[in-house]
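So you can see what is in the structure, the chains are spelled out below.
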Amino acid sequence: MSEDQKYQRCMVMAGGGFRFGYYLGMHAAAEDSGMAPDVILASCGGSLAAAIIHALPDATQRKQWLVSQEMYRFMCGLRAAPHVRPLPVLGAALLRGLSRERARRVPDVFDDFMFELPGPLPLPLPAAQPQMSLVIVATKLLFGREHTGQARGGRALFAEVVFGPKRACSLLQGWPAPASAPAWSCGAVAPGLLLDSAMPVTDAVRSSITDMLYFACHAYGGQHYMGGVIDLFPIEIAHGLARHVTMEAKPPFGQALAIPALRKVFGIDGNARLKHVHAQHAHAWVDTSDISSALRGSGMRKRIDWLDNRIRLEMPASLAEYAQDVETQWQYGYRRGIEAYASPGLRLRHATRFNRGSK
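The following paragraphs examine the structure supplied in this document. Here the residue index of a chain counts from 1 through its sequence in written order. Since the coordinates come from a predicted model, pLDDT governs what is reported: local features require at least 70, and pairs of side-chain atoms require 80 or more to be given and counted, while whole-chain, interface and lining totals use all residues. Excluding hydrogens and water, the side-chain figures rest on all heavy atoms present in the structure.

## Notes on the packing of helix 2 (residues 45-55) against helix 7 (residues 201-208)
For clarity, the cut-off: Note on geometry: axes are C-alpha line fits, over the in-contact stretch for helices, and angles between N-to-C directions span 0 to 180 degrees. Every helix listed is a DSSP run of H or I at least four residues long, and every strand listed is a run of E at least two residues long, numbered separately from the N terminus. Geometric relationships in this document are graded by angle, where less than 35 degrees denotes roughly parallel, more than 145 denotes roughly antiparallel, 65 to 115 denotes roughly perpendicular, and other angles denote oblique. Here a crossing is called left-handed whenever its near helix is offset anticlockwise from the far helix by less than a right angle, and right-handed whenever the offset is clockwise. Throughout, a residue-residue contact means that at least one pair of heavy atoms, one from each residue, lies within 4.5 Å. Residues are grouped as follows: Ala, Val, Leu, Ile, Met, Phe, Trp, Tyr, Cys and Pro are nonpolar; Asp, Glu, Lys and Arg are charged; every other residue, Gly included, is polar.
Relative orientation of the contacting elements helix 2 and helix 7 amounts to 155 degrees, with a least axis distance of 7 Å. Considering the angle they form, helix 2 stands roughly antiparallel to helix 7. When the axes of helix 2 and helix 7 are compared, the crossing they make is left-handed. Each of Ser 47, Leu 48 and Ala 51 in helix 2 lies in contact with helix 7, whose residues at this interface are Val 201, Val 205 and Ser 208. Considering only residue class, the contact of helix 2 with helix 7 consists of 4 nonpolar, 2 polar and no charged.

See below:
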């Protein structure tokens, strides 16, 4: 496709875990600033928020869906898998932290996971004529269950895949996979970007939220897929899709858990990738680098129940408390979005030692 066939504006929703309410606020800020995107590029938890925005016509309905009884019941239904016990989980995390190996063996993403989803994702039905396009980043497995534990031997184990409409896929035809760049990848990610315009939205979202070690991979059409965590910050893809890009400026990955997991499963240096992204051009930067402190206590929390030898996921105790939690997230995203569009040059106002050099 030619340059004049690009979308006008792309908003990237890069992760977010279970605090995805702030993405609805970010999008509402874009609408109120006259900068509503005509395409959203989402990964991991951001894909769930993006699917809600894609399906429903206005900010009020979207927030109502997120705080609905159905969504609250689904979130409360998330449980640690029956086989999960605290000491083995902590021991495995410690071993990953001590090891410097990068995707040396084929990981078990079929049976080695911590949490179970209670059923299908509670997403609204897609609109007959959506106001914008939805593009989702995920991972396609290039191996089967029978290969787990084997030495990788230099072969690619994963492919970065983009799910979206034919227009988006045409714009990205022949592109390299950003996650595969040698500056942060050891070769476990295949060099070419895969494109899929046929995957249903519910399956694309289910694939993208499947964070490594947290949820089992997702089966669809005889293939297996997992998380958008392979490329949480797909700024290159965003520029390939649209003329104007809104990007998040994120805090660094945690050195204790996230960095070792990325290194072991994907062979990726997540913070090297993030620093590269922060050094790139975007037309608007939404600064969420203070999210851990600004939303401390918000969202789902993990707790070790030593007496029962279990890991617990804790939600607000009532629907009303959950709705207030979502409102707090929404307002945070809205404030940060308004800041970004009011001052397009703003980037990482809440800078850390990690990202000051990228200002």
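## A short note on empty space enclosed by the protein
The line we're drawing: Using protein atoms alone on a 1 Å grid, points that fit a 1.4 Å probe yet trap it form a cavity, whereas open point sets bounded by protein on both sides within 12 Å along at least five of seven lines form a pocket; residues with an atom within 4 Å of a point count as lining. Grid points are joined across faces, edges and corners, and a volume is the space filled by probe spheres set on the points.
For the structure shown, the criterion picks out 3 cavities of 30 Å³ or more. Of the voids in this model, the largest cavity is the one considered here, and its volume is about 70 Å³. Lining the largest cavity are 13 residues, and of these Phe 18, Met 75, Tyr 322, Val 326 and Gln 329 sit closest to its centre. Taken as a whole, the second largest cavity encloses approximately 60 Å³ of empty space. Lining of the second largest cavity is provided by Val 229, Ile 230, Asp 231, Leu 232, Phe 233, Phe 253, Leu 262, Ile 268, Gly 270 and Arg 273.

## Some remarks on the layout of surface pockets
There is about 310 Å³ of room inside the second largest pocket. Along its surface, the second largest pocket is lined by 17 residues, and Arg 96, Arg 105, Pro 107, Lys 264 and Val 265 are the ones closest to its centre. Going through the elements one at a time, helix 5 (86-98) and helix 9 (258-265) are the ones with two or more residues in the lining of the second largest pocket. Sort the elements by how many residues they give to the lining of the second largest pocket and helix 9 lands first, with 4 residues. Class assignment of the residues belonging to the lining of the second largest pocket gives a composition of 8 nonpolar, 1 polar and 8 charged.

## Thoughts on the side chain of Ser 68
To be explicit about the condition: When a residue's accessible area, from a 1.4 Å probe over protein chains only, is under 20% of the maximum for its type it is buried; when over 50% it is exposed; and in between it is partly exposed. Any pair of nitrogen or oxygen atoms within 3.5 Å is treated as a polar contact; in protein, a donor-acceptor pairing is required on top of that, and neighbouring residues in sequence qualify only through side-chain atoms on both sides.
Here Ser 68 shows up in the loop between helix 3 (59-66) and helix 4 (69-76). Overall, the relative accessible area of 18% leaves Ser 68 in the buried class. Here Trp 65 takes part through its backbone oxygen, which lies 2.8 Å from a polar atom of the side chain of Ser 68.

## Side note on the nonpolar core
Just so we agree on the cut-off: Put simply, a nonpolar core is a bunch of buried Ala, Val, Leu, Ile, Met, Phe, Trp, Tyr and Cys residues held in one set by side-chain atoms that sit within 4.5 Å of each other.
Counting residues in hydrophobic clusters, the biggest one holds 111 residues, and the most contacted among them are Leu 241 and Phe 266. Among the elements that line this core, the one with the most residues is helix 2, at 7 residues. Other than its neighbours up to four places away in sequence, Leu 241 contacts Lys 6, Tyr 7, Val 39, Leu 41, Val 135, Ala 168, Leu 171 and Leu 172.

## Notes on the pairing of strand 12 (residues 301-305)
Sheet faces and side chains relate simply in a regular strand, where the side chains alternate between the two faces. Heads up, the rule is: When DSSP finds two or more bridges between a pair of strands, those strands are recorded as paired.
Summarising the sheet, strand 12 and strand 13 (residues 310-314) pair through 5 bridges and their orientation is antiparallel. Bridged to Ile 304 within strand 13 is Ile 311.

## A word on the pattern of salt bridges
Applicable threshold: When a carboxyl oxygen of Asp or Glu is within 4 Å of a side-chain nitrogen of Lys or Arg, the pair counts as a salt bridge.
Following the criterion strictly, the structure yields 12 salt bridges and no others. In this structure, Arg 273 engages Asp 231 in a salt bridge whose closest nitrogen and oxygen atoms are separated by 3.0 Å. Of the two residues, Arg 273 is situated in helix 10 (residues 270-278) and Asp 231 in the loop between strand 9 (223-226) and helix 8 (235-241); the sequence distance between them amounts to 42 residues. Across the pair, Asp 231 and Arg 273 agree in class, each one buried. The salt bridge partner of Glu 248 is Lys 250, with a shortest N-O separation of 3.5 Å. Glu 248 sits in the buried class, given a relative accessible area of 1%.

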